Amino acid sequence: MITANHRLRSLALTAGTLATAAGLGAAAVVNYRGFQRRIAESSVILNETLPVHSLWWRARAKDKGELIYAVIGDSAAQGIGASSPHRGYVGILTDHIRLSTGRSVRVVNLSVSGATVEMAVRDQLPTFVKLTPDIVTVAIGANDIALWDAAVFEAGIRQVCAALPPHALVADLPCFHLPRNERMVAVANRIIRQVAAEHQLRVVPLHATTKRLGLRSVATHVAGDLFHPNNRGYRAWAEAFVPALSAHLVRGIRPADLAGPDAPNAPAGLPSSAHAAAGLPLAVPADRPSPTPEPASTPVANTSESGGVSGPS
């Protein structure tokens with residue numbers, strides 16, 4: 001038989017349990033709201049860097065350089081999320097090119113924050129086709145996942161790839177980790193690989209590189225908005241490009257000390273000490289074959305309008 005004291009004790013325990021659960025639930029709501037607020041604040045801060053990064057890359061497009069490095073992409077190519085523009089993957093690869101060849105580099109970064117593949121075709125290709133770049137990297141399509149349309153994506157990728165020179169490096173999409181997004185990314189990457197193969201373009205394995213970092217990389221390699229890479233994240237992006245980029249430099253770009261008209265063909269090597277300073281792996285093995293140099297590039301059109309901003313990605 002349940003006595004009045006037992007009832008009171010049970011009611012007290014139940015009330016305590018409910019209060020504890022309510023407290024935990026309220027704490028979870030407060031923490032989640034705080035988490036959302038921090039993401040929103042980080043997004044605002046990164047949005048304020050958009051014109052800064054854009055202006056910095058427009059200035060780089062006016063620099064003189066023996067080599068021309070052209071970039072097609074979105075906010076990642078602008079380095080949004082990094083502590084400064086040159087700490088994005090484009091800046092890291094530019095340093096790699098300089099160290100590998102000993103030659104100056106003019107970077108024509110045509111990327112636009114927020115760009116989709118369709119927007120890259122509209123806004124970046126018209127300027128790109130006027131260039132004769134020595135190095136080309138393409139990383140575009142992450143923004144297409146938000147409003148995924150496979151047909152529109154494929155049509156854009158086909159136009160981009162058709163405009164690229166044979167030595168261009170085309171990255172597939174990075175790992176999004178979330179299953180729903182990853183299903184769309186898988187379709188996008190199949191399209192990229194298929195179209196790139198049709199044009200005999202080399203695909204940079206950005207997805208495999210970022211997937212290997214694991215879900216924990218969201219805490220270590222991603223900026224405060226939980227979308228853009230941070231400095232560590234961009235180093236991982238650069239490392240995905242380095243093997244293909246180094247192979248291209250070996251085949252087609254002469255080092256500065258061998259660039260004279262009477263100099264023999266030689267690979268674009270890089271001393272291990274220089275690579276250690278750059279924090280990147282060795283570009284090529286020591287027993288690599290001598291490349292056949294490509295013709296010198298021709299002067300390019302003024303690109304001071306490149307690298308504009310259309311909104312956050």
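Structure: see above.
The notes below deal with the structure included here. (Residues numbered from 1 in each chain as written. Predicted model: local features only at pLDDT ≥ 70, side-chain atom pairs only at ≥ 80, totals over all residues. Heavy atoms only, no water.)

**With respect to the sheet that holds strand β2 (residues 105–109)**
So, step 1. The strand order β2-β1-β3-β4-β5 describes an open sheet built from five strands, whose pairing is parallel. Two strands bound the open sheet, and with one partner strand each, they are β2 and β5 (202–204). Here the average twist between neighbouring strands, direction ignored, is 20°.
So, step 2. In this sheet, strand β3 (residues 135–139) lies alongside strand β1 (residues 67–73) in parallel orientation, the contact comprising five bridges. Each bridged residue has a counterpart across the sheet, and for Ala70 the counterpart in β3 is Val136.
So, step 3. Against the sheet, helix α3 (residues 89–101) makes contact with β1, β2 and β3, and its axis sits at roughly 160° relative to β1, the strand it touches most. (Pairing = 2+ DSSP bridges. Helix = DSSP H or I, 4+ residues; strand = E, 2+ residues; numbered from the N terminus. Axes fitted to C-alpha atoms, helices over the stretch in contact; angles between N-to-C directions. Contact = heavy atoms within 4.5 Å.)

**Remarks on the pairing of β1**
So, step 1. In terms of residue burial, β1 counts as a mostly covered element, since seven of its seven residues are buried.
So, step 2. Of the two faces of β1, both are covered, the one formed by Leu67, Tyr69, Val71 and Gly73 as well as the one formed by Ile68, Ala70 and Ile72.
So, step 3. In the sheet, β1 pairs with β2 via five bridges, with the strands oriented parallel. Among the inter-strand pairings, Leu67 is bridged to a residue of β2, identified as Val105. (Buried < 20%, exposed > 50% of the residue type's maximum accessible area, 1.4 Å probe, protein only.)

**Concerning the packing of aromatic side chains**
So, step 1. All told, the structure shown has five aromatic pairs when counted by the stated rule.
So, step 2. Ring centres 5.4 Å apart and planes at 40° place the aromatic pair Tyr89 and Trp237 in the tilted group. One end of the pair, Tyr89, is in helix α3; the other, Trp237, is in helix α10 (residues 231–252), and 148 residues separate them in sequence.
So, step 3. Judged by its relative accessible area of 10%, Trp237 is buried.
So, step 4. Look at Trp148 and Phe153: their rings are 5.2 Å apart centre to centre, the planes differ by 50°, and that puts the pair in the tilted class.
So, step 5. The rings of Tyr89, Tyr234, Trp237 and Phe241 are connected pair by pair, giving a single aromatic cluster.
So, step 6. For Arg60, the ring lying beneath its charged end belongs to Trp56, and the centroid distance is 4.6 Å. (Phe/Tyr/Trp six-rings, centres within 6.5 Å; stacked < 30°, edge-to-face > 60°. Lys NZ or Arg CZ within 6 Å of the ring centre and 35° of its normal.)

**Focus on the layout of surface pockets**
So, step 1. Of the volumes computed, that of the largest pocket is approximately 720 Å³.
So, step 2. Around the largest pocket, the lining is made up of 33 residues, and of these Pro174, Cys175, Phe176, Leu226 and Phe227 lie nearest the centre.
So, step 3. Put simply, the parts of the chain that give the lining of the largest pocket at least two residues each are α2 (75–78), α8 (206–212), α9 (217–220) and α10.
So, step 4. Broken down by element, the residue count for the lining of the largest pocket peaks at three residues, all from α10.
So, step 5. Classifying every residue of the lining of the largest pocket by side-chain character gives 21 nonpolar, ten polar and two charged. (1 Å grid on protein atoms, 1.4 Å probe; cavity = no way out; pocket = protein on both sides within 12 Å on 5 of 7 lines; lining within 4 Å. Points joined across faces, edges and corners; volume = space filled by probe spheres on them. Nonpolar A, V, L, I, M, F, W, Y, C, P; charged D, E, K, R; others polar.)

**A short note on the nonpolar core**
So, step 1. Judged by nonpolar contacts, the single largest core of 36 residues is most densely connected at Phe128, Val138, Phe153 and Leu164.
So, step 2. For this core, the secondary-structure elements that each account for two or more residues are β1, α4 (117–123), α5 (125–128), β3, α6 (150–162) and α7 (179–198).
So, step 3. Among the elements that make up this core, the one with the highest residue count is α7 (seven residues).
So, step 4. Not counting chain neighbours up to four residues away, the residues in contact with Phe128 comprise Ala70, Ile72, Leu110, Pro133, Val136, Ala163, Leu164 and Pro165. (Core = buried A, V, L, I, M, F, W, Y, C linked by side-chain atoms within 4.5 Å.)

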